Amino acid sequence: MSMSTSLDLSRGSGEASTLTERDERSLGRAELDQLREKERDILDQLHHIRTVTATRRDQIRASCPTSADLISHLPAEVLLLIIELVLQSPLVGCDPHRHIKRELASLSRRWRNLILNSPSLWNRIRICEPWDVPFVKAHVARSAECPLDVEICMKDWDDCDWSAINDRLIVVIRCRHRWRSLVLRTTEKDLIISCITFAWWFIPFKRLTIIDDGLSDPFRFSPNVDWSSVDYLELQTRVNLNCLSNLSGLKTLLVRIPHVGSPPTHVAFSLLKLKTLSLSGYTGDLHFCLETLHFPLLDSLSVNVTHARELMEAIAAPTLRHVCYTPYSCDNDMSSVFGNLSSKFLSVERLSLCDYTELWQTARNTNVKSAQAVSKAFPNARHVELHARHVEAFFDTEATCPADGWEHLQVLKIQGLFGDEISTLKEWLRRRNLEGKPVLDVTMIDIPSIFSDSRRFAIYESFRPYCNVVVPLGLDPTSSLSSSVSAALHNTCMFNEFGLMPIRIYLGNVSLIRVPAKLPALYGLTTIRSGGVSFVSALSIVTGSGVRTAIEGMRTHAGSTLQM
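Along each chain, the written sequence defines residue order, and numbers are assigned to residues from 1. Whole-chain, interface and lining totals are the exception, using all residues; otherwise, since this is a predicted model, local features are given only for residues with pLDDT of at least 70 and side-chain atom pairs are given and counted only at 80 or more. To obtain the side-chain values, all non-hydrogen atoms of the structure were included, while hydrogens and water were left out.

Please clarify how a positive patch on the surface should be interpreted in this entry.
On the surface, Lys-206, Lys-251, Lys-273 and Lys-275 cluster together into a positively charged patch. By the criteria applied, helices consist of DSSP H or I runs no shorter than four residues and strands consist of E runs no shorter than two, each listed in order from the N terminus. As for its position among the elements, Lys-251 is in the loop between strand 5 (232–236) and strand 6 (252–257). Without a salt bridge and with relative accessible area above 30%, a residue can belong to a patch; like charges are then joined within 9 Å and nonpolar side chains (Val, Leu, Ile, Met, Phe, Trp, Tyr) within 5 Å. Values of accessible area rely on a 1.4 Å probe in the Shrake-Rupley scheme; residue burial ignores everything except the protein chains shown. By convention in these notes, a salt bridge is any Lys or Arg side-chain nitrogen within 4 Å of a carboxyl oxygen on Asp or Glu. The convention is simple: Lys and Arg are positive, Asp and Glu are negative, and His and the chain ends are not counted. Lys charges are placed at NZ, Arg charges at CZ, Asp charges at CG and Glu charges at CD.

Have a look at this one:
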């Protein structure tokens with residue numbers, strides 16, 4: 001009895017455990033079915049989301065302009081600025097007004113209308129063989145009342161055809177009251193000027209540039225013509241300098257004198273309004289006497305001539321503030337140029353000493369005698385620019401230090417490849433600091449590229465205890481620009497002695513255009529700042545050959561061509 005009872009109990013417990021396992025499997029299957037159902041729902045939702053996302057993406061892409069269309073959405077004034085820059089900076093051998101302008105006008109109706117109706121794109125006119133009479137007339141008509149910049153280039157003619165030249169000249173002479181500038185690239189300068197002033201004995205334009213091979217007779221500014229409106233004159237030709245007194249309104253004068261073997265000439269003239277003067281070339285045939293070149297308002301002087309001493313003695317410029325001197329050859333000794341001129345240039349506050357850079361001759365370091373002559377000639381200099389080769393002579397503390405003569409020095413800028421000059425300059429700055437003199441702003445450019453950026457930055461940092469160091473943008477650890485980009489920016493942003501700055505730089509396939517400071521903010525353009533100047537990326541649209549690449553997609557099937 002007891003045995004049967006135990007068997008019944010064991011059989012009951014076994015059945016109970018079997019039922020429990022079955023229930024668990026059933027529950028597990030039900031739960032799995034629920035999870036699979038949820039998975040299907042989620043996958044359906046994901047599929048729906050992906051479908052909607054793809055649809056929305058396609059809609060957005062269809063509604064958004066392409067990279068080429070973005071250019072079409074630029075404001076008209078920005079687009080006009082870009083086109084003007086293209087025309088001002090063409091590829092070598094390319095006439096932008098005959099080729100590029102036509103190509104740009106064929107890209108779209110908007111571009112064509114903008115080009116045809118923008119007088120500023122038509123006010124540059126060349127009198128040359130490729131420009132036929134209808135082409136010249138089109139530019140005169142479409143320039144409206146804009147001031148005209150005229151260039152006469154007779155070298156383009158294989159055979160000088162005066163009839164053809166006269167036909168083109170007549171078109172622009174009829175509107176000579178609108179002339180702003182004239183560039184003459186011809187040996188027939190006197191004849192062209194006679195044509196312009198015939199029956200109208202005054203010059204209407206303000207800027208005149210004359211360029212030829214220098215083999216023609218010296219050009220003379222006739223006293224029978226009124227030249228008073230000309231305030232800018234650039235000469236790269238033989239010229240009678242004494243006739244320059246006839247240009248009473250001249251403010252800027254740039255003269256490069258060719259070496260062609262002229263008879264000796266005594267030079268003496270005055271320009272009462274002149275502010276900027278640049279003289280370069282061969283002056284061996286010119287004889288200057290003391291104080292015979294009178295420029296009472298002259299502010300900036302640039303000299304790169306063979307006989308600089310005679311020229312410096314002849315100049316009388318009581319208000320002169322900036323002098324830029326470049327040796328004509330590697331043999332020029334600055335002591336022979338500036339020695340014993342200690343009371344002549346007391347008004348000069350900015351001094352730039354450039355280096356002789358002809359590659360086929362070995363440049364020499366400046367000697368102490370030359371450095372002493374310079375510091376005595378310009379004792380009141382506040383801003384001094386030197387080459388690295390000048391450092392040993394000007395700042396060597398073991399001898400009489402010529403740089404100590406600049407008691408009012410505020411800014412020091414040194415260019416060139418540095419070697420031992422670094423320690424010499426640092427020691428002079430350290431001594432100056434110990435003497436309690438005012439701290440200088442020091443800029444060093446072109447430290448050898450064999451140094452790594454970190455090493456170069458360390459060199460700059462080593463100067464900080466003794467001066468205010470101006471670090472190039474590429475070495476500034478806070479800068480977001482790479483050193484290569486900043487180097488390109490720096491090299492492009494260098495001012496020359498006349499304050500002129502190039503407007504374009506190239507970084508790979510990207511061209512940067514200099515723009516007015518307020519322009520990027522007005523139109524949300526991406527800019528790069530360097531030295532207080534704004535640059536805006538313009539893809540490749542101003543790189544000549546890159547014009548077609550960047551805006552090829554804008555060409556329409558119904559694109560019209562420019563009729564000129």
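Can you help me understand the pairing of strand 2 (residues 148–153) in this one?
A regular strand places its side chains so that they alternate between the two faces of the sheet. When you tally the buried positions in strand 2, you get six out of six residues, the bulk of the element. Relative to strand 2, strand 1 (residues 124–127) runs parallel, the two being bridged by four bridges. From the neighbouring strand, Ile-125 faces strand 2, where its bridge partner is Val-150. Crossover connection from strand 1 via helix 6 (residues 133–142) to parallel strand 2: handedness right-handed. A pair of strands is labelled paired if DSSP reports no fewer than 2 bridges between them. The pairing of strand 2 with strand 3 (residues 179–185) spans six bridges and is classified as parallel. Pairing of Glu-151 across the sheet is with Val-183, part of strand 3. Burial classes: relative accessible area under 20% of the type maximum marks a residue as buried, over 50% as exposed, and values in between as partly exposed (1.4 Å probe, protein chains only). Look down the strands so they point away from you; if going from the first strand over the helix to the second traces a clockwise path, that crossover is right-handed.

Whenever I open this one, the packing of aromatic side chains confuses me. Can you help?
For any pair of aromatic rings, the description rests on two quantities: the centre-to-centre distance and the angle between the ring planes. A pair of aromatic rings is counted whenever rings of Phe, Tyr or Trp (Trp by its six-membered ring) have centres within 6.5 Å, and the orientation is called stacked for planes under 30 degrees apart, edge-to-face for over 60 and tilted otherwise. Tallied over the full model, the rule gives 11 aromatic pairs. A ring pair is formed by Phe-394 and Trp-406, whose centres lie 5.4 Å apart and whose planes are at 15°; its orientation type is stacked. Of the two residues, Phe-394 is situated in helix 12 (residues 391–395) and Trp-406 in the loop between helix 12 and strand 15 (411–415); the sequence distance between them amounts to 12 residues. Assessed through its relative accessible area of 0%, Phe-394 is described here as buried. The rings of Tyr-325, Phe-338, Phe-345 and Phe-378 are connected pair by pair, giving a single aromatic cluster. The rule for a charge over a ring is simple: NZ of Lys or CZ of Arg within 6 Å of the ring centre, and within 35 degrees of the ring normal. The lysine or arginine in question, Lys-101, covers the ring of Trp-122, its NZ or CZ lying 3.8 Å from the ring centre. For Arg-142, the ring lying beneath its charged end belongs to Trp-122, and the centroid distance is 4.9 Å.

I keep staring at the nonpolar core and nothing clicks. Help me out?
General note: in soluble globular proteins, nonpolar side chains tend to be found buried as a group. We define a nonpolar core as any set of buried Ala, Val, Leu, Ile, Met, Phe, Trp, Tyr and Cys residues linked to one another through side-chain atoms lying within 4.5 Å. Within the largest apolar cluster, 107 residues are counted, with the highest numbers of intra-cluster contacts made by Leu-182, Phe-221, Trp-227, Phe-338, Phe-395 and Leu-425. Considering every element that reaches this core, the biggest residue donor is helix 7 (residues 162–173), with five residues. The contact definition used throughout considers only heavy atoms, calling two residues in contact when any of these lie within 4.5 Å. Those residues in contact with Leu-425, other than ones at most four positions away along the chain, are Val-391, Phe-395, Leu-412, Ile-414, Met-444 and Phe-463. In terms of nonpolar packing, the next biggest core, distinct from the first, is built from 19 residues, Ala-105, Leu-107, Ile-115 and Leu-121 among them.

Just checking my understanding: could you explain the side chain of Asn-240 for this structure?
Within the secondary structure layout, Asn-240 lies in the loop between strand 5 and strand 6. The residues touching Asn-240, leaving out its near neighbours within four places in the chain, are Pro-218, Phe-219 and Arg-220.

How should I be thinking about helix 8 (residues 189–197) in this particular structure?
An α-helical turn contains 3.6 residues, so any two residues separated by three or four positions project in the same direction. Along helix 8, the positions that sit buried rather than exposed are Lys-189, Ile-192, Ile-193, Ile-196 and Thr-197. Take helix 8 and look down its axis: the buried residues cluster within an arc of 125°, on one side only. On its buried side, helix 8 packs onto strand 2, helix 7, strand 3 and strand 4 (207–211). What the arc measures is the spread of directions leading from the helix axis to the C-beta atoms.

Explain unusual backbone geometry to me, please; I cannot follow it from the model alone.
The residue Ala-144 is not glycine, and still its phi comes out positive at about 55°. Here Ala-144 lies in the loop between helix 6 and strand 2. Given a relative accessible area of 34%, Ala-144 falls into the partly exposed group.

Mind showing me how you'd approach the sheet that holds strand 7 (residues 265–270) here?
Two modes of strand pairing occur in sheets, parallel and antiparallel, and in both the strands are linked by backbone hydrogen bonds. With parallel pairing, the three strands of this open sheet are ordered in space as 7-9-11. Strands at the two margins of the open sheet, each flanked by one partner only, are strand 7 and strand 11 (315–316). Pairing of strand 7 with strand 9 (residues 286–294), which is carried by five bridges, proceeds in the parallel orientation. In the sheet register, His-266 faces strand 9, and the bridge partner there is His-287.

Would you take a moment to explain the pattern of salt bridges for this structure?
Between side chains of opposite charge, pairing is possible as soon as their charged atoms come close. All told, the structure shown has 13 salt bridges when counted by the stated rule. In this structure, Asp-149 and Arg-180 form a salt bridge, with 2.6 Å as the shortest nitrogen-oxygen distance. Of this pair, Asp-149 sits in strand 2 while Arg-180 is found in strand 3, placing the two residues 31 residues apart along the sequence. Asp-149 sits in the buried class, given a relative accessible area of 15%. On the accessibility criterion, Arg-180 (34% relative accessible area) is partly exposed.

Teacher, can you tell me more about helix 11 (residues 368–377) here?
Regarding helix 11, the residues found buried are Ser-370, Ala-371, Ala-373, Val-374, Ser-375 and Ala-377. Of the surrounding elements, those touching the buried residues of helix 11 are helix 10 (334–338), strand 13 (350–353) and helix 12.

Could you clarify how one ought to interpret the packing of helix 7 against helix 8 in this entry?
Think of two packed helices as two axes; the pair is described by the angle between the axes and how far apart they sit. The axes used here are C-alpha line fits, helices contributing only the stretch in contact, and every angle between their N-to-C directions lies in the interval 0 to 180 degrees. The interhelical angle for the contact between helix 7 and helix 8, taken along N-to-C directions, is 40°, at an axis separation of 11 Å. When the interaxial angle is binned, helix 7 and helix 8 end up oblique. The way helix 7 lies across helix 8 gives a crossing that is right-handed. When helix 7 is examined against helix 8, the residues Trp-162, Leu-169 and Ile-173 are found in contact with a partner set consisting of Leu-191, Ile-192, Cys-195 and Ile-196. Partitioning the contact of helix 7 with helix 8 into residue classes produces seven nonpolar, no polar and no charged. Working rule for angles: under 35 degrees goes down as roughly parallel, over 145 as roughly antiparallel, 65 to 115 as roughly perpendicular, anything else as oblique. The hand of a helix crossing depends on one turn: near helix anticlockwise from the far one by less than a right angle means left-handed, and clockwise means right-handed. Classification convention: Asp, Glu, Lys, Arg as charged; Ala, Val, Leu, Ile, Met, Phe, Trp, Tyr, Cys, Pro as nonpolar; all other residues, Gly among them, as polar.

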